[in-house]
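Letter by letter, the chains look like this.
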Amino acid sequence: MTAEDWFKLIEQLRLIPGGAEKAEPDFFGHLITDDLAPVTSEWDFEGWLLKDGRVLMLRLDETQEGMRLYVVDPDEDHFIARTGNELLDSAREAGVSPLILMLLALATGQVDDNRRLKLHAPKIDGAAKDLMLMSVCRLCG
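Residues numbered from 1 in each chain as written. Predicted model: local features only at pLDDT ≥ 70, side-chain atom pairs only at ≥ 80, totals over all residues. Heavy atoms only, no water.

Examining the overall build of the protein
Going by this rule: Here a strand is any run of E in DSSP of at least two residues, a helix any run of H or I of at least four, and the numbering for each starts at the N terminus. In this description the radius of gyration comes from C-alpha coordinates, and the expected globular size is given by 2.2 Å times residues to the power 0.38. For the exposure calls, accessible area comes from a 1.4 Å probe over protein chains only, and a residue counts as buried if that area is under 20% of its type's maximum, exposed if over 50%, partly exposed in between. Note that accessible areas follow from Shrake-Rupley with a 1.4 Å probe, and for residues the cover is restricted to the protein chains shown. Think of it this way: Lys and Arg go in the positive column, Asp and Glu in the negative one, and His and the chain ends go nowhere. For this purpose, a charge sits on NZ of Lys, CZ of Arg, CG of Asp or CD of Glu.
Of the regular secondary structure elements, the protein holds six helices and four strands. Shown N-terminal to C-terminal, the secondary structure of the protein runs as helices and strands in the order α-α-β-β-β-β-α-α-α-α. A compact globule built from 141 residues should have a C-alpha radius of gyration of about 14 Å, and the protein, at 14 Å, falls within 12% of that. The principal-axis extents of the C-alpha atoms in the protein amount to approximately 40 × 30 × 25 Å. Looking at the protein residue by residue over its 141 residues, the buried ones come to 45%. Total accessible area on the protein is roughly 7,400 Å²; 50% of this is exposed by carbon and sulfur atoms. Charge separation in the protein, taken as the distance between the mean sites of 15 positive and 26 negative side-chain charges, equals 6 Å.

Dropping the structure here:
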């Protein structure tokens, strides 16, 4: 995705009731705890501790070329998807969560995860699709 693509998603996030800052509590709040996500890797950037004890973690790529999303179980890290540096740059410039942006990009199909999010975190996948409907769909939002 290009920076322009990310900024289109950011603008759409701003259209939901309460704006982008309400996306996490309104769409994912019932799935995540208020606790800080534990460190799962030296590359961790932003993450959520899920109520089921797992962690959803956005990590900097080890080669410093973009970001990767993981669902971290106690025994295994499940790779979900990767994207380029434009995600973090755009999120920082706009002051929005890169994790929320990544989930929205997955839900819209602009970042392909080969259905891994649905496999490893189906409730997060469903909440991301609900967010997508409210932010992207002009009939819904």
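Here's the deal with the side chain of Asp 44
Just so we agree on the cut-off: What qualifies as a polar contact is a pair of N or O atoms within 3.5 Å, subject to a donor-acceptor requirement within protein and to the restriction that residues adjacent in sequence count only when both atoms come from side chains. We call two residues in contact when some of their heavy atoms are within 4.5 Å.
Inspection of the secondary structure puts Asp 44 in strand 1 (residues 44-49). A polar atom in the side chain of Asp 44 sits 3.2 Å from the backbone nitrogen of Ser 41. Side chain to side chain, Asp 44 and Arg 59 meet in a polar contact 3.1 Å long. Contact partners of Asp 44, with chain neighbours within four places excluded, come to Pro 38, Val 39, Met 57, Leu 58 and Arg 59.

Side note on the pattern of salt bridges
Short version of the rule: We count a salt bridge whenever a side-chain nitrogen from Lys or Arg sits within 4 Å of a carboxyl oxygen from Asp or Glu.
Under the definition given, this model contains ten salt bridges. When the shortest N-O distance is used, the salt bridge between Glu 4 and Lys 8 registers 3.6 Å. With Glu 4 and Lys 8 both in helix 1 (residues 3-13) and four residues apart, the pair spans about one turn of that helix. In this structure, the salt-bridge partner of Arg 59 is Asp 44, at a minimum N-O distance of 3.1 Å. Remark: Asp 44 occurs in strand 1 and Arg 59 occurs in strand 2 (residues 55-60); sequence separation between them is 15 residues. What you see here is one network of salt bridges that share partners, running through Asp 44, Arg 59 and Asp 77.

Overview of helix 4 (residues 98-108)
For an α-helix, the turn length of 3.6 residues means that residues three or four places apart are oriented alike. Of all eleven residues that make up helix 4, ten are buried, and the element is covered over most of its length. For helix 4, every residue scored as buried is listed here: Pro 98, Leu 99, Ile 100, Leu 101, Met 102, Leu 103, Leu 104, Ala 105, Leu 106 and Ala 107. You can read the cap of helix 4 off the contacts: a side-chain oxygen lies 3.2 Å from the backbone nitrogen of Leu 99, and it is on Ser 97.

A look at the environment of Trp 43
Mapped onto the fold, Trp 43 is located in the loop between helix 2 (23-28) and strand 1. Separated by 43 residues in the primary sequence, Trp 43 and Glu 86 place their C-alpha atoms 17 Å from one another. For Trp 43, the contacting residues outside a window of four places in its chain are Arg 59, Leu 60, Asp 61, Glu 62 and Gln 64.

Here we look at the sheet that holds strand 1
Under the convention used in this document: By definition, two strands form a pair when at least two bridges between them are found by DSSP. The axes used here are C-alpha line fits, helices contributing only the stretch in contact, and every angle between their N-to-C directions lies in the interval 0 to 180 degrees.
A sheet is described by the order of its strands in space; here four strands give the open sequence 1-2-3-4, paired in antiparallel fashion. For this open sheet the edge positions go to strand 1 and strand 4 (77-83), each flanked by a neighbour on one side alone. Pairwise comparison of adjacent strand axes, ignoring direction, gives a mean angle of 20 degrees for this sheet. In the packing of helix 4 onto the sheet, the strands contacted are strand 1, strand 2, strand 3 (67-72) and strand 4, and the crossing angle to strand 1 comes to about 75 degrees.

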